[in-house]
Amino acid sequence: MKHDRITLINIKKGFIMFKIAVICIALIAIVGCGEHVASYQKESISNFSKPSSEMILEAINRARAQSIDCHDGFGVREPVEPLHWNSKLYASAYEHSRDLAGSDTFSHLGSGTEYDITGYNIGKKSLFFERIEENGYQNYNIVGENIAGGQNNLDKLMKDLLNSPKHCANIMNKKFKEIGVAVVTNENSRYKIYWTQNFGG
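Residues numbered from 1 in each chain as written. Predicted model: local features only at pLDDT ≥ 70, side-chain atom pairs only at ≥ 80, totals over all residues. Heavy atoms only, no water.

## Here's the deal with helix H3 (residues 87-103)
Part 1: Spanning 17 residues, H3 covers 24 Å between terminal C-alpha atoms, matching the ideal 24 Å at 1.5 Å per step.
Part 2: Every buried residue belonging to H3 is among Leu89, Ser92, Ala93, Glu95, His96, Ser97, Asp99, Leu100, Ala101 and Ser103, and all of these are buried.
Part 3: Tucked inside the fold, the buried residues of H3 contact helix H4 (117-122), helix H5 (128-134), strand E4 (143-149), strand E5 (178-185) and strand E6 (193-200).
Part 4: Of the residues that open H3, the one with a side-chain oxygen 2.9 Å from the backbone nitrogen of lysine 88 is asparagine 86.
Part 5: With its phi angle positive at about 55°, aspartate 104 sits one or two positions after the end of H3. (Helix = DSSP H or I, 4+ residues; strand = E, 2+ residues; numbered from the N terminus. Expected span 1.5 Å × (residues − 1). Buried < 20%, exposed > 50% of the residue type's maximum accessible area, 1.4 Å probe, protein only. Contact = heavy atoms within 4.5 Å. Polar contact = N/O pair within 3.5 Å; in protein donor to acceptor, adjacent residues only side chain to side chain.)

What follows is the structure, encoded as structure tokens:
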């Protein structure tokens, strides 16, 4: 009986450690912003000019080079190292921006329609880290996502994101080392311009 009891205790310990590991993995993997940064776009976007990846990366790293209070209860964040562009994170960001624009939805959750490529392939609405993994970004320690809608220039986008505590926290997170950002437009949708930032580290 003593042996059985020890075995049972070991099983319980193993189960507890498994649960802790699962919780830790979930906490590491899921760092979405949880807030909406969108403005209804009434005017035509025919004159909208998409910024280059270099311009987008420069704007984000310019913000990371400053001391910023994200107003999320953690005080002023010190400057952090610049991010590097990653083509796989860009691919996942493009997939989601295209989904938002094409399905006229606005959420970190994929639409589950044909525009949600990852979700369509796996038979359910995609989660942001699933899209990131499906586009080849794997073996990471942390990933995150910001989305925004309606901002018709890069300055407006960055201002809105930095004024939102959780979006700002993602931008200033020192654990993130890489990023991919995509913008997709659809004149016939609610916000017309859809931005996705995917972070990794």
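Still to come is the rest of the account.
## With respect to the state of the cysteines
Part 1: Scanning the model with the defined rule gives one disulfide in all.
Part 2: Across the disulfide from cysteine 70 sits cysteine 168; the S-S distance is 2.0 Å. Here cysteine 70 and cysteine 168 share a disulfide; its torsion about the S-S bond, -65°, makes the bridge left-handed. Here cysteine 168 lies in helix H7 (residues 165-171) and cysteine 70 lies in the loop between strand E1 (68-69) and strand E2 (76-77), a separation of 98 residues in the sequence. Exposure class is identical for cysteine 70 and cysteine 168. Each is buried. (Disulfide = S-S within 2.5 Å.)

## Some thoughts on helix H6 (residues 154-162)
Part 1: Of the residues making up H6, those classed as buried are Leu154, Leu157, Met158, Asp160 and Leu161. Taken end-on, H6 shows its buried residues confined to a sector of 165°, consistent with a single buried face. For H6, the exposed residues set more than 90 degrees away from the buried face come down to Asp155 and Lys159.
Part 2: In this structure, the buried side of H6 is in contact with helix H2 (53-64), E4, H7 and E6.
Part 3: Of the residues flanking the start of H6, the one acting as N-cap is asparagine 153, its side-chain oxygen 3.1 Å from the backbone nitrogen of aspartate 155. (Arc of directions from axis to C-beta.)

## Section: the sheet that holds E5
Part 1: Pairing within the open sheet is mixed, and its four strands lie in the order E3-E5-E6-E4. Of all the strands in the sheet, just strand E3 (84-85) and E4 have a single pairing partner and so form its edges.
Part 2: Running over the sheet, H2 touches E3, E5 and E6 and is turned about 125° from E5.
Part 3: In the packing of H3 onto the sheet, the strands contacted are E3, E4, E5 and E6, and the crossing angle to E5 comes to about 25°. (Pairing = 2+ DSSP bridges. Axes fitted to C-alpha atoms, helices over the stretch in contact; angles between N-to-C directions.)

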